[in-house]
Amino acid sequence: MIKRRVSFVTQLSAAAVLAGAFVATAAPALAGGYSFTSLTVPSLPHGDYVAAVAINNVGQILLESGPSATGLVDAGYLYNTVTHGYTSLPLDPAAVAGNTFFAGLNDSGQIVGNDLQATLGTYQSFLLSGGSYTNVSPPLSRNIGFSTANGINNAGQIAGVWELTSGHEQGYLLSGGSYTTINVAGFPAAATFLTAINNHGQILGIGTPIPGGSTPYTGFAYSGGVFTAIGTPGALYVSPNAINDAGTIVGYQSTDPTFTIINGFVDVGGVLSPFDAPGTLGTTAPNSINNAGQIVGNYTDASGNYVAFLATPNPVPEPSALALLGTGLLASPLLGWGRRRRGI
């Protein structure tokens, strides 16, 4: 599991858990493909990783970094894709060093995540706004166990997870100062994790009928009181990580019992397309998508390096160009383009 999903070691049940059926993955690559850009932070110590956690609609990317050997976080940044500048983020002074993990970002620059509180000894949900940290965990979780905020929308609604008892996690929605518990339909005692929320209030998550968890994990979308399964038949772990306002979902899944091979996906209207970065070893994890269709995340390259990326959709040819292509006038320079994998 990636560290920003603290305690997501609870695994999910089969399609019967959720209202809605799994969909096949025979979808074609998305039109135009993607251009991948590696994201680095200047002057990082040797051996530090960079994780691309979230992207918003105003050109900001939320990054975190720290020693690769420990997986802890010693710095956070907002990267501006227009000016190419980096803004350092403060770490929570009330947290144990290295244990402030970032997760979600809205268009106002508000950030959510979780950190290990020194006085409580538990991981708690936080909101970072205007340079200040606020504990936004459901009140009971502050005395019982961990909590993490994973997504925030422009209305300030926060989606996350908190632990009711050991191994019994529940999803929560914080809206207008009130908390609502969200559990996967049909299994009120199940562990449920919420991972994202968009500006229409559509929520993503993961759930299991077995407190404490066991494979397989199953992803879901939740809207209007209805749960819909996300994933492919045979997937042992499905993690839908982000949803934009058009309802496009990105995440990753694995059919490997050891989770060594992780494949990214893009879900458009319930149809999944594979999303794997060029040269990856089968470890592409898309973490976020904005309304322009830009995707950020991480993958492992052929040399075993952990790479943060920004994937930008390539322009779709104009209809006039498509007409010329049909006549063969553009065939020579584009020969074979449609048969090459474009990173998805």
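Calculation rules
Numbers given to residues run from 1 along each chain, matching the order in which its sequence is written. Only residues with pLDDT of at least 70 are given local features in this predicted model, and only at 80 or more are side-chain atom pairs given and counted; all residues enter the totals for whole chains, interfaces and linings. Side-chain metrics in this entry use all non-hydrogen atoms of the structure; hydrogen atoms and water are not considered. Runs of E in the DSSP output that reach at least two residues are strands. Runs of H or I that reach at least four are helices, and both are numbered from the N terminus. For each residue, the accessible area found with a 1.4 Å probe, counting protein chains only, is set against the maximum for its type, and the residue is called buried under 20%, exposed over 50%, and partly exposed in between. By definition, residues are in contact when any of their heavy atoms lie within 4.5 Å. Any two strands with at least two DSSP-identified bridges between them are counted as paired. With axes taken as lines fitted to C-alpha atoms, and helix axes fitted only over the stretch in contact, angles between N-to-C directions fall between 0 and 180 degrees. Buried Ala, Val, Leu, Ile, Met, Phe, Trp, Tyr and Cys residues form a nonpolar core when they are joined through side-chain atoms within 4.5 Å. Centres within 6.5 Å make a pair out of two Phe, Tyr or Trp rings, where for Trp the six-membered ring is used; the pair is then stacked when the planes are under 30 degrees apart, edge-to-face when over 60, and tilted otherwise. A 3.5 Å cut-off defines polar contacts: any pair of N or O atoms within that distance qualifies, except that in protein one atom must be a possible hydrogen donor and the other a possible acceptor, and neighbouring residues in sequence count only when both atoms are side-chain atoms.

> What's the story with the overall build of the chain in this structure? I'm lost.
Looking only at helices and strands, one finds three helices and 24 strands in the chain. Looking at the chain residue by residue over its 344 residues, the buried ones come to 51%. Considering only intrachain contacts with a sequence separation of at least 6, the fraction spanning at least 24 residues in the chain is 45%.

> Can you walk me through the sheet that holds strand E13 (residues 178–182) in this structure?
Note on sheets: strands pair through backbone hydrogen bonds, and any given pair is parallel or antiparallel. Read from one edge of the open sheet, four strands run E10-E11-E12-E13, paired in antiparallel fashion. Each of the sheet's edge strands pairs with one partner strand only, and the pair in question is strand E10 (147–152) and E13. With direction set aside, neighbouring strand axes in the sheet form an average angle of 30°. Relative to strand E11 (residues 158–165), E10 is paired through five bridges, and the arrangement is antiparallel. By the bridge assignment, Gly 151 is partnered in E11 with Ala 159.

> Explain the nonpolar core to me, please; I cannot follow it from the model alone.
Formed by 26 residues in total, the largest nonpolar core has its most connected members in Leu 62, Phe 102 and Ile 111. The set of elements that each furnish at least two residues to this core consists of strand E2 (48–55), strand E6 (95–105), strand E7 (111–117), strand E8 (123–129) and strand E14 (191–197). Here this core gets four residues from one element, more than from any other, and that element is E2. For Leu 62, the residues in contact, after removing those within four places along its chain, are Ala 51, Ala 52, Val 53, Ala 54, Tyr 77, Leu 78, Leu 89, Phe 102, Ala 103, Gly 104, Leu 105 and Ile 111. Ranked by size, the runner-up nonpolar core spans 13 residues in total, among them Leu 39, Ile 61, Tyr 77 and Val 296.

> Explain the packing of aromatic side chains here, please?
With the rule as written, the count across this model stands at 15 aromatic pairs. Ring centres of Tyr 237 and Tyr 252 lie 5.9 Å apart, and the angle between their planes is 40°; on these two criteria the pair is classed as tilted. On the criterion of sequence distance, the pair formed by Tyr 237 in strand E18 (residues 237–243) and Tyr 252 in strand E19 (residues 249–254) is long-range, its members being 15 residues apart. The pair Tyr 237 / Tyr 252 is uniform in exposure class, with both members buried. Each residue in the set Tyr 34, Phe 36, Phe 275, Tyr 299 and Phe 309 is aromatic and connected to the rest through ring pairs, giving one cluster.

> Is there a simple way to think about the pairing of E10 in this case?
Across a regular strand the side chains alternate sides, sitting on one face of the sheet and then on the other. Of all six residues making up E10, six are buried, and the element is well covered by its neighbours. Turn length for the E10-E11 hairpin, with the two strands adjacent in sequence and antiparallel, is five residues, and the turn residue Gly 156 shows positive phi of about 85°.

> Which parts of the structure should I look at to understand the side chain of Asp 267?
Here Asp 267 is to be found in strand E20 (residues 263–268). A polar contact is formed between the side chain of Asp 267 and the backbone nitrogen of Gly 270, at a distance of 2.8 Å. Residues in contact with Asp 267, not counting those within four places in the same chain, are Ile 230, Gly 247, Thr 248, Ile 249 and Leu 272.

> What is the right way to look at the sheet that holds strand E3 (residues 60–67) in this model?
Taking strand neighbours across the sheet as the criterion, the four strands line up as E2-E3-E4-E5 in an open arrangement whose pairing is antiparallel. The open sheet has two edge strands, E2 and strand E5 (86–89), and neither has a second partner. Averaged over all neighbouring strand pairs, the angle between strand axes comes to 30°, with direction disregarded. Bridge count for strand E4 (residues 75–80) against E5 is four bridges, and the pairing is antiparallel. Paired with Tyr 79 across the bridge in E5 is Tyr 86.

> What's the story with the side chain of Asn 314 in this structure? I'm lost.
Looking at where Asn 314 falls in the secondary structure, it is placed in the loop between strand E24 (306–313) and helix H2 (319–327). Here Asn 314 falls in the buried class, since its relative accessible area comes to 13%. A distance of 2.4 Å separates a polar atom in the side chain of Asn 314 from a polar atom in the side chain of Ser 35.

> Just to check I follow, could you spell out unusual backbone geometry for this structure?
Most peptide bonds take the trans form, and the phi angle of most residues other than glycine is negative. Within the chain, Ser 43 stands out as a residue other than glycine whose phi angle is a positive 65°. For Ser 43, the position within the fold is in the loop between strand E1 (34–39) and E2. If you check the backbone angles, His 84 has positive phi at about 60° while not being a glycine. Note that His 84 resides in the loop between E4 and E5.

> What exactly am I supposed to notice about the environment of Val 50 here?
Relative to the elements of secondary structure, Val 50 occurs in strand E2. Using a relative accessible area of 8% as the deciding quantity, one classes Val 50 as buried. Considering only alpha carbons, one finds Val 50 and Asn 298, 248 residues apart in sequence, at a separation of 8.5 Å. Each residue touching Val 50, except ones within four places of it in the same chain, is listed here: Leu 39, Val 41, Leu 44, Leu 63, Glu 64, Ser 65, Asn 298, Tyr 306 and Ala 308.

> Explanation requested: the environment of Gly 282 in the structure shown.
Along the chain, the position of Gly 282 falls in the loop between strand E21 (271–275) and strand E22 (285–289). Residue Gly 282 is classed as buried on the basis of its relative accessible area of 12%. Sequence separation between Gly 282 and Ser 254 is 28 residues; the distance between their C-alpha atoms is 9.6 Å. Contacts of Gly 282, omitting those with residues within four sequence positions, involve Thr 260, Ile 261, Ile 262 and Asn 263.

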